[in-house]
Amino acid sequence: MIAQFLRLTGRGVADLRLHPFAQLLTLVAVAMVTLLTGLILIGLHNINLELLKSRGQVEFQIYWKTDAKVEAVLEDWKVIKSMEHLMLFKTFTPQSALTELATTLGETGDFSWLAENNPLPYSGLASYAVPPDAQNNGWAEKLLTQLNSLPAVAKVNYTPFQADLAQSWRTMSHAIIWPVLGFLGLIVSLVVHNTIKLSLLTRMDEIEILSLVGAKPAYIRWPLLTGGFIQGVIGSGAGIGLLAMVHSFIAEIFNFPPFLFEIQFLPADQIMILAGAVTLVSICSSWVAVR
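Residues numbered from 1 in each chain as written. Predicted model: local features only at pLDDT ≥ 70, side-chain atom pairs only at ≥ 80, totals over all residues. Heavy atoms only, no water.

An unreviewed UniProt entry lists the protein chain under the name Cell division protein FtsX, from Pseudodesulfovibrio nedwellii. The protein chain has a UniProt comment under Subcellular location (unreviewed entry) that states "Cell membrane". According to the UniProt record, the Sequence similarities (unreviewed entry) comment for the protein chain reads "Belongs to the ABC-4 integral membrane protein family. FtsX subfamily." (UniProt positions renumbered as here; feature names shortened; annotations may be inferred.)

Here is the structure:
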C-alpha cells in the first residue's frame, strides 16, 4: 500500500513534465496571486506597525521654561518617571534637542552657529498606556493637568485622538480589513482553481483512457492532486521570492524627511501562513477540478 502510494506520488511529480507550457502558466498564475496577496499584507502589516506605536497610548510633548534651572527640571523628570502607566519617557537637553533636529533635517540641518546661544528649552516625550477602564473618563485630560502643574513646565502638547485609536483600529479591522482579505481569498481560490482546471483539460484524453481500462478514481486523482500540491509549493515560493525582490526596491522609498518611514517585510509566521494558504488553495482547487 505504501509502495503504491509512493509510486503514484512520484508519478504525479514526473507528470509535471508532460505539458510544460500549461504547467508554466499555472505556476505564473499562482506566483502572481501570491505576490499580489503579499503586497496587500505588507501594506496592512506596516499600517498596523505604525498604529501600534500609539494605539492604546497617549503621548505628551513637554516643554520646560527656558529660564528653568537644571535642578528644577531634573526634579520634574523624577516626578514624571514615578507616575503610573508610564511606558516611555525620552528627555532632551537643549544641546541634545539641537543635535536631534540637525540629524532629522539631514544636510540642511547645520545649526552649529546656535551652539553658543541655543534657544531650545529642556523637553521630553512621555508615553502612557491608557488604562482600559479609563478610555471615556477624561483620564488623558487629568494627566495633562497634572503635567502642566509641574513647577518648571511651560507647555504640554498632546493629541486627544491617540487615546481612542485602539478601539477605532479594532472597529476598522473588523469592518473593512478582514472582509477585504476574505474577498481576496475568494479571488485567489477562483484564479488558482480555473488555472489548474485548464491545465488538467490538457490531460483529458489520458484520464478518459485510464477510466475506460478500469483504473480506480484514487489511482487517477492522486497524481493530479500531487501535481497541484507541487504547483502550490513552487508557485507560492516563487511569489514570495518576487515579493522579497519588490520589497528590496520599495523598502526605503519613504525613508527621508519628513516621513522617515521604512517599509518592513512580512514576519516569518505571516510568510508561512501565506505560503501554506496558497498551497492549500491549490490542493483544494485541484481536488474540485479533478472531480
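S.K.: Could you clarify how one ought to interpret the overall build of the protein chain in this entry?
M.R.: On a plain count of helices and strands, the protein chain comes out with nine helices and four strands. Considering the protein chain as a whole, with its 291 residues, one finds that 37% of them fall into the buried category. For the protein chain, long-range pairs separated by at least 24 residues make up 81% of all intrachain contacts whose partners lie at least 6 apart in sequence. (Helix = DSSP H or I, 4+ residues; strand = E, 2+ residues; numbered from the N terminus. Buried < 20%, exposed > 50% of the residue type's maximum accessible area, 1.4 Å probe, protein only. Contact = heavy atoms within 4.5 Å.)

S.K.: I would appreciate a short explanation of the sheet that holds strand β1 (residues 57–64) in the present structure.
M.R.: Sheet strands pair by backbone hydrogen bonding; their relative direction is either parallel or antiparallel. Taken together, the four strands give an open sheet; going across it, the order is β2-β3-β1-β4, and neighbouring strands pair in antiparallel fashion. Taken across any chain shown, the strands that pair with only one partner, and hence form the sheet edges, are β2 (86–92) and β4 (153–158). For this sheet, the mean angle separating the axes of adjacent strands, direction not counted, is 20 degrees. Inspection of the sheet shows β2 paired to strand β3 (residues 123–129) by six bridges, in the antiparallel sense. Bridge assignment links K90 to a residue of β3, and that residue is L125. Each of β1, β2, β3 and β4 is contacted by helix α3 (residues 70–81), which is oriented at about 165 degrees to β2, the strand it contacts most. Helix-sheet contacts for helix α5 (residues 139–148) involve β1, β3 and β4, and the interaxial angle to β4 is about 160 degrees. (Pairing = 2+ DSSP bridges. Axes fitted to C-alpha atoms, helices over the stretch in contact; angles between N-to-C directions.)

S.K.: When you look at the nonpolar core in this model, what are you seeing that I'm missing?
M.R.: Across soluble globular proteins, nonpolar side chains have a tendency to be buried as a group. In this structure, F60, I62, W64, I80, Y128 and L147 are the most contacted members of the largest nonpolar core, which totals 24 residues. Top element by residues in this core is α5. It accounts for five residues. Once residues lying within four places of it in the same chain are set aside, the contact partners of W64 are V73, D76, W77, I80, F89, P121, Y122, S123, G124, A152, V153 and A154. With 12 residues, the next largest nonpolar core counts L243, I271, L274 and V278 among its residues. (Core = buried A, V, L, I, M, F, W, Y, C linked by side-chain atoms within 4.5 Å.)

S.K.: Hey, could you run me through the packing of aromatic side chains in this one?
M.R.: The relation between two aromatic rings is expressed through the spacing of the ring centres and the mutual angle of the planes. Throughout the structure, instances matching the rule amount to three aromatic pairs. Considering the side-chain rings of W64 and W77, the 6.0 Å spacing of their centres and the 80 degrees angle between planes classify their relative orientation as edge-to-face. On the criterion of sequence distance, the pair formed by W64 in strand β1 and W77 in helix α3 is long-range, its members being 13 residues apart. In this structure, W64 and W77 share a single accessibility class: buried. Judged by centre distance (6.1 Å) and plane angle (70 degrees), the ring pair of W77 and Y122 falls under edge-to-face. Linking W77 in helix α3 with Y122 in the loop between α4 (94–105) and β3, this pair joins segments that are 45 residues apart in sequence. Three or more aromatic residues joined by ring pairs make a cluster, and in this case those are W64, W77 and Y122. (Phe/Tyr/Trp six-rings, centres within 6.5 Å; stacked < 30°, edge-to-face > 60°.)

S.K.: Whenever I open this one, the environment of G235 confuses me. Can you help?
M.R.: Within the secondary structure, G235 sits in helix α8 (residues 217–250). What G235 contacts, discounting residues up to four positions off in sequence, is L27, V30, A31 and T34.

S.K.: Can you walk me through a nonpolar patch on the surface in this structure?
M.R.: Together, F183, L186, I187, L190 and V191 give the surface a local cluster of nonpolar side chains, amounting to about 430 Å² of exposed area. If you trace the backbone, V191 turns up in helix α6 (residues 165–201). (Patch = residues over 30% accessible without salt bridge, like charges linked within 9 Å, V, L, I, M, F, W, Y side chains within 5 Å. Areas by Shrake-Rupley, 256 points an atom, 1.4 Å probe, with all protein chains shown as cover. Salt bridge = Lys/Arg side-chain N within 4 Å of Asp/Glu carboxyl O.)

S.K.: Sorry, what's going on with the environment of S282 here?
M.R.: The topology assignment puts S282 in helix α9 (residues 268–290). Overall, S282 belongs to the buried group, its relative accessible area being 0%. Sequence spacing of S282 and G228 is 54 residues, and the spatial spacing of their C-alpha atoms is 5.6 Å.

S.K.: What is the right way to look at the environment of L88 in this model?
M.R.: With respect to the secondary-structure elements, L88 resides in strand β2. Taking C-alpha positions, L88 is 9.1 Å from E59, a pair spaced 29 residues apart along the chain.

S.K.: How should I be thinking about the UniProt feature "transmembrane region" (unreviewed entry) in the protein chain in this particular structure?
M.R.: In the numbering adopted here, UniProt assigns the feature "transmembrane region" (unreviewed entry) to residues 20–44, 175–196, 229–250 and 271–290. Taken end to end, residues 229–250 comprises 100% helix and 0% strand; its first and last C-alpha atoms sit 31 Å apart.

S.K.: What exactly am I supposed to notice about the confidence of the model for the protein chain here?
M.R.: Detailed reading of the predicted coordinates is not advisable wherever pLDDT falls low. Confidence along the protein chain averages 76 in pLDDT terms, with 68% of residues attaining 70 or more. Least confident of the elements in the protein chain is helix α1 (residues 2–14), whose mean pLDDT is 64; most confident is α3, at 91. (pLDDT = per-residue confidence, 0-100.)

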